[in-house]
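# Examining the three-dimensional arrangement
The primary structure of each chain is shown beneath.
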Amino acid sequence: MSILELQNVEKIYGEKDNQVTALRDINLKVKEGEFVAIVGTSGSGKSTCLNLIGGLDNPTSGQIFIKNKEIGSLSRKELTIFRRRNIGFVFQNYSLMPVLNVYDNIALPVTFDRGKHINRKYIEELLQELGIWEKRKKYPDELSGGQQ
Ligand SMILES: Nc1ncnc2c1ncn2[C@@H]1O[C@H](COP(=O)(O)OP(=O)(O)O)[C@@H](O)[C@H]1O
Ligand SMILES: [Mg+2]
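Residues numbered from 1 in each chain as written. Chains lettered and ligands numbered in written order. Predicted model: local features only at pLDDT ≥ 70, side-chain atom pairs only at ≥ 80, totals over all residues. Heavy atoms only, no water.

Turning our eyes to something else, we now look at the domain arrangement of the protein. Structurally, the protein comprises domain 1 (2–86) and domain 2 (102–142). Placing the centre of domain 1 and that of domain 2 at their C-alpha centroids yields a distance of 28 Å. (Domains from an automatic or database assignment.)

Shown next as structure tokens:
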């Protein structure tokens, strides 16, 4: 079973004379637990593709299935909740909250979803696994790029 599937995905930016076809007929299947890298030259459509997979933007045509759910069929509100619960996205510019420390940055999306009911043990495991346990009380501007 695929955890992610793209079927005939196309993305066109702009209108009329300004149209740019960023993605054309993209088909992809990723199995649960698989680790995939999308590689290509600048402007080849990697960020566009990830924005669509992450539910941050909509394809012009084609379909994207995550856990067998077609994300284009979700309302804006449903998509927001689905994204919060199923997708982790590291932006090129990180987009961390500068006024929150490392621990609170990690906990932030969970607090949107479950208020104060955050799984502290799981967050601690993540901090250990990522090798940033010692940095948990530091702020984003005190970290290296990789640590961010
Ligand atoms: N918001 C946008 N509006 C118009 N064109 C865009 C936009 N974003 C990306 N593009 C164009 O789409 C193509 C793919 O861009 P992008 O997905 O950012 O490539 P990559 O991440 O592989 O460098 C490029 O030609 C880029 O100029
Ligand atoms: Mg890019």
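Around ligand 1 lies a shell formed by Tyr13, Val20, Ala22, Thr41, Ser42, Gly43, Ser44, Gly45, Lys46, Ser47 and Thr48. Backbone polar atom of Gly45 to an oxygen atom of ligand 1: 3.0 Å apart, as the coordinates give it. Of all elements in the fold, only β2 (20–31) and α1 (46–53) reach the threshold of two or more residues within the shell around ligand 1. The element contributing the most residues to the shell around ligand 1 is α1, with three residues. Of the residues that constitute the shell around ligand 1, the class distribution is three nonpolar, seven polar and one charged. (Near = heavy atom within 4 Å. Polar contact = N/O pair within 3.5 Å; in protein donor to acceptor, adjacent residues only side chain to side chain. Helix = DSSP H or I, 4+ residues; strand = E, 2+ residues; numbered from the N terminus. Nonpolar A, V, L, I, M, F, W, Y, C, P; charged D, E, K, R; others polar.)

Bringing the sheet that holds strand β1 (residues 2–13) into the picture now. Taken in spatial order, the four strands make up an open sheet running β2-β1-β3-β4, and their pairing is antiparallel. The open sheet is flanked by β2 and β4 (69–70), the only strands paired with a single partner. Where β1 and β2 come together, eight bridges link them in antiparallel fashion. When the sheet's bridge partners are listed, Leu4 is paired in β2 with Val30. Lying on the sheet, α1 is in contact with β1, β2 and β3 (61–66); it crosses β1 at an angle near 125°. (Pairing = 2+ DSSP bridges. Contact = heavy atoms within 4.5 Å. Axes fitted to C-alpha atoms, helices over the stretch in contact; angles between N-to-C directions.)

Right, let's get into the pairing of β1. The hairpin turn running from β1 into β2, its antiparallel successor, is six residues long, and Gly14 in that turn takes a positive phi close to 75°. By the bridge criterion, five bridges tie β1 to β3 in an arrangement that is antiparallel. Looking at the pairing, Glu10 lines up with Ser61 of β3.

Quick look at the packing of aromatic side chains now. Under the criterion given, the structure shown has one aromatic pair. Ring centres of Phe89 and Phe91 lie 4.8 Å apart, and the angle between their planes is 35°; this geometry places the pair in the tilted category. Using a relative accessible area of 32% as the deciding quantity, one classes Phe91 as partly exposed. Against the face of Trp133 rests Arg136, its NZ or CZ located 3.8 Å from the ring centre. (Phe/Tyr/Trp six-rings, centres within 6.5 Å; stacked < 30°, edge-to-face > 60°. Buried < 20%, exposed > 50% of the residue type's maximum accessible area, 1.4 Å probe, protein only. Lys NZ or Arg CZ within 6 Å of the ring centre and 35° of its normal.)

Moving on: the environment of Arg76. With respect to the helices and strands, the residue Arg76 is situated in helix α2 (residues 76–86). For Arg76 and Asn58, which are 18 residues apart along the polypeptide, the C-alpha to C-alpha distance reads 11 Å.

Here the structure, examined in full by the defined rule, presents four salt bridges. With its nearest N and O atoms 3.3 Å apart, the salt bridge here joins Arg84 to Asp113. Here Asp113 lies in helix α3 (residues 102–114) and Arg84 lies in helix α2, a separation of 29 residues in the sequence. Judged by relative accessible area, Asp113 falls into the buried class, the value being 18%. Linked through salt bridges whose partners overlap, the residues forming this network are Arg84, Arg85 and Asp113. (Salt bridge = Lys/Arg side-chain N within 4 Å of Asp/Glu carboxyl O.)

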